Amino acid sequence: MQIPAAFDYVRADSVDHALQLLAEHGPEARVIAGGHSLLPMMKLRLANPEWLIDINDLSELDHITEDGDTLRVGALTRHVSLLESDAVAGHFPLVRDAETTIADPLVRNRGTIGGSLCQADPAEDLSTVCHVLRAELVIRGPNGERTVPMRELHRGPYETSVEQNEILTEIRWPIRPRSSSAYTKVERRVGDWATAAAGASVTMGADGQIEDVTIGLTAVGLDGSTATRSQDALRGQRPSEELYAEAGRLAAEDCNPVADQRGTEAYKRHLADELTRRVLRTAIERVTAGASPAGQGITASAEPRS
Amino acid sequence: MQITMTVNGDSVSREVEARVLLVHFLRDVLSLTGTHWGCDTSNCGLCTVLMDGVPVKSCTVLAVMASGHDIRTVEGLAAGGTLDPVQQGFMEEHGLQCGFCTPGMMLTARALLDKNPNPSEDVIREAISGQICRCTGYATIVRSIRWAAAHPAGASKAEDTAAEDPAEASA
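Residues numbered from 1 in each chain as written. Chains lettered and ligands numbered in written order. Predicted model: local features only at pLDDT ≥ 70, side-chain atom pairs only at ≥ 80, totals over all residues.

1. Some remarks on the overall build of chain B
(1) Moving on: The number of helices and strands found in chain B is 8 helices and 5 strands.
(2) Moving on: Ordered by position in the sequence, the α and β elements of chain B form the string β-β-α-β-β-α-β-α-α-α-α-α-α.
(3) Moving on: By principal-axis analysis of the C-alpha atoms, chain B measures approximately 55 × 30 × 25 Å.
(4) Moving on: Across chain B, the fraction of contacts at a sequence separation of at least 24, relative to all contacts at a separation of at least 6, is 59%. (Helix = DSSP H or I, 4+ residues; strand = E, 2+ residues; numbered from the N terminus. Contact = placed C-beta atoms within 7 Å.)

2. Regarding the overall build of chain A
(1) Moving on: A count of helices and strands for chain A gives 11 helices and 13 strands.
(2) Moving on: Taking 19 Å as the expected radius of gyration for a compact globule of 306 residues, we find that chain A reaches 19 Å, a close match to that expectation.
(3) Moving on: The principal-axis extent of the C-alpha atoms belonging to chain A is close to 60 × 45 × 35 Å.
(4) Moving on: Looking at chain A as a whole, 50% of its 306 residues are labelled buried.
(5) Moving on: For chain A, restricting intrachain contacts to residue pairs at least 6 apart in sequence, the fraction spanning at least 24 positions comes to 65%. (Rg over C-alpha atoms; globule rule 2.2 N^0.38 Å. Buried ≥ 20, exposed ≤ 12 C-beta atoms within 10 Å, placed from the backbone.)

3. Regarding the packing of helix H3 (residues 85–92) of chain B against helix H4 (residues 102–115) of chain B
All names here are of chain B.
(1) Moving on: Where H3 meets H4, the axes come as close as 9 Å, and the angle between the chain directions of the two elements is 125°. Comparing their axes, H4 and H3 come out oblique. H3 and H4 meet at a crossing whose hand is right-handed. Each of Val86, Gln87 and Phe90 in H3 lies in contact with H4, whose residues at this interface are Thr102, Met106, Ala109, Arg110 and Leu113.
(2) Moving on: Grouping the amino acids of the contact of H3 with H4 by side-chain chemistry returns 5 nonpolar, 2 polar and 1 charged. (Axes fitted to C-alpha atoms, helices over the stretch in contact; angles between N-to-C directions. Parallel < 35°, antiparallel > 145°, perpendicular 65-115°, else oblique. Left-handed = near helix turned anticlockwise from the far one by under 90°. Nonpolar A, V, L, I, M, F, W, Y, C, P; charged D, E, K, R; others polar.)

4. Some points on helix H11 (residues 265–288) of chain A
(1) Moving on: Between its first and last C-alpha, H11 of chain A extends 35 Å over 24 residues, near the 34 Å set by a 1.5 Å rise per residue.
(2) Moving on: Looking one or two places after H11 of chain A, you find Gly290 of chain A, whose phi comes out positive at around 85°. (Expected span 1.5 Å × (residues − 1).)

5. So, the nonpolar core
(1) Moving on: Core analysis: the largest hydrophobic core is formed by 131 residues, its most contacted members being Ala200 and Ala272 of chain A.
(2) Moving on: Setting aside residues no more than four positions away along its own chain, Ala272 of chain A makes contact with Ala196, Ala198, Leu217, Val220, Ala251, Ala252 and Cys255 of chain A. (Core = buried A, V, L, I, M, F, W, Y, C linked by C-beta atoms within 7 Å.)

6. Description of the environment of Asn56 of chain A
(1) Moving on: When you line up the elements, Asn56 of chain A lands in the loop between strand E3 (51–54) and strand E4 (64–67).
(2) Moving on: Under the C-beta neighbour-count criterion, Asn56 of chain A is labelled buried, with 20 such atoms within 10 Å.
(3) Moving on: Between the C-alpha atom of Asn56 of chain A and that of Ile113 of chain A, which follows or precedes it by 57 residues, the distance is 13 Å.
(4) Moving on: If sequence neighbours within four positions are ignored, Asn56 of chain A has contacts with Ala33 of chain A together with Met65 of chain B.

7. A word on the domain arrangement of chain B
Residue and element names in this part refer to chain B.
(1) Moving on: Here chain B is described as being made up of domain 1 (2–76) and domain 2 (85–153).
(2) Moving on: Each of domain 1 and domain 2 was reduced to a C-alpha centroid, and the two centroids are 21 Å apart.
(3) Moving on: With 15 residues of domain 1 at the interface, the matching set in domain 2 holds 12 residues.
(4) Moving on: Every element with two or more residues in the side of domain 1 that touches domain 2 is listed here: strand E3 (48–51) and strand E4 (54–57).
(5) Moving on: The greatest single-element share of the side of domain 1 that touches domain 2, amounting to 3 residues, is contributed by E3. (Domains from an automatic or database assignment.)

8. Concerning the sheet that holds strand E12 (residues 196–204) of chain A
Residue and element names in this part refer to chain A.
(1) Moving on: Strand order in the open sheet made by the 3 strands is E11-E12-E13, with antiparallel pairing throughout. Edge positions in the sheet fall to strand E11 (179–186) and strand E13 (210–218), since each of these pairs with one other strand and no more. Averaged over neighbouring strand pairs, the angle between their axes works out to 10° when direction is ignored.
(2) Moving on: One ladder, built from 8 bridges, connects E12 with E13; its direction is antiparallel. Looking across to E13, one finds that Ala197 is bridged to Thr218. (Pairing = 2+ DSSP bridges.)

9. Observations regarding the interface of chain B and chain A
(1) Moving on: The partner chain A presents 24 residues to the 24 residues of chain B that form the contact.
(2) Moving on: Secondary-structure elements contributing two or more residues to the side of chain B that touches chain A are E4, helix H2 (63–66) and helix H5 (121–127) of chain B.
(3) Moving on: Top element by residues in the side of chain B that touches chain A is E4 of chain B. It accounts for 4 residues.
(4) Moving on: For the side of chain B that touches chain A, the class distribution of residues is 10 nonpolar, 9 polar and 5 charged.

10. Description of the confidence of the model for chain B
Residue and element names in this part refer to chain B.
(1) Moving on: Scored by pLDDT, chain B has a mean of 92; 91% of the residues are at 70 or more.
(2) Moving on: Scored below 50 in pLDDT, residues 161–171 shows 13 contacts in the model against residues more than four places distant or in partner chains.
(3) Moving on: Listed scores for the predicted complex are pTM 0.91 and ipTM 0.90. (pLDDT = per-residue confidence, 0-100.)

11. Overview of the pairing of strand E10 (residues 167–174) of chain A
Residues and elements named next belong to chain A.
(1) Moving on: Most of E10 is tucked away: 6 of the 8 residues are buried.
(2) Moving on: Alignment of strand E5 (residues 70–74) against E10, held across 5 bridges, turns out to be antiparallel. Note that in E10 the partner of Leu71 across the bridge is Trp173.
(3) Moving on: In the sheet, strand E6 (residues 136–141) pairs with E10 via 5 bridges, with the strands oriented antiparallel. Looking at the pairing, Ile139 lines up with Leu168 of E10.

12. Observations concerning the domain arrangement of chain A
(1) Moving on: Along its sequence, chain A is organised into domain 1 (8–54), domain 2 (59–174) and domain 3 (179–288).
(2) Moving on: Centre-to-centre, using C-alpha coordinates, domain 1 of chain A lies 36 Å away from domain 3 of chain A.

This is the structure:
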């Protein structure tokens, strides 16, 4: 039987209250939301917080809001809400692509985007999504709010720049015209972590050339999480299969996968190459088609869940 | 600490340790052993219950986190001695072999049908994809849920034998 070690539990009723509780209980206090990463770690004694601060009642952090050229997503937004949101799928189809492959429907009912990003698992999909979308993260602490770019969120595996007395409150995705995106993942079975996955966001110029592009790879040890040489090779070029192949080749060269039970290093490099080609192809097709939402057939709702 | 929640329509209050998981609270404190306990790692889905109508894995929810919420377990599916159509469907279409995954499967099915009364086979398979039937009886589980969708008011055994086989109507 796996039971966490003893701890004290308290519910926050606002972000300010949660911050106050974090300050009060010090370094052995942890915030819990969906709990689908933290509770398993506590069962295995990989995490041993003395205080759990439950933020599930903070409905102010559970929202998907279009705000001019930014989509603002509250940190407590559940995976299922991201999956079902038409606003998200319309602007950023890669989010729905990724969400259909994250864990399973029951875990998605509980898990949150803020928890996923703050867990900083190198095989986690939404981190790659946020790198690809060049997300900005809003972090609140005792001295107010600060905003950091996604590339500064993760200091390393399971370590973030969110300080112990701070809370990630919002994820901001910039909305760009003539842009679309795609994400695809190879997993051994439903609910598994990625063997490898890739995401891309592409902005097309009026002249039919690739104006801007971001490519992210999951679980293959890519330094900085974006394939910069592949991106450089694509900018200013006209889309073609040869170009996608070159981008894939560079991505496979630049990643640094580790052999494990999910596959050999060579297999993962092959996946980095092939999946890079696929997401580029799909993202560019989607720009051409007017950014049609991904994941056809999934019941869609833009309503935030409580 | 003191927690209060609604379980199958009844308000319950108990004193529990913060580290008690919802699955153990239901089974060991409330003696509702219909909620099964399997892998402990939120993989198998045996411990699925509905929290505010939404299926969750109760091995990965603390009982204290469920305080103030509405919990429904397999014991709360039948109403007034009448089986839920989902339970009836699992009988009609032989949706269980060993029965260990069945409570969780039925609760997910109930939540799915409440949201989408006529789901396709693909939608059903996606909905139950977080739950494992180690007898591999997925085909009959899917048929059972389709039976329930085709019979939203259920059907009694007497009606079944008098009328044509409802299983055929849903096939």
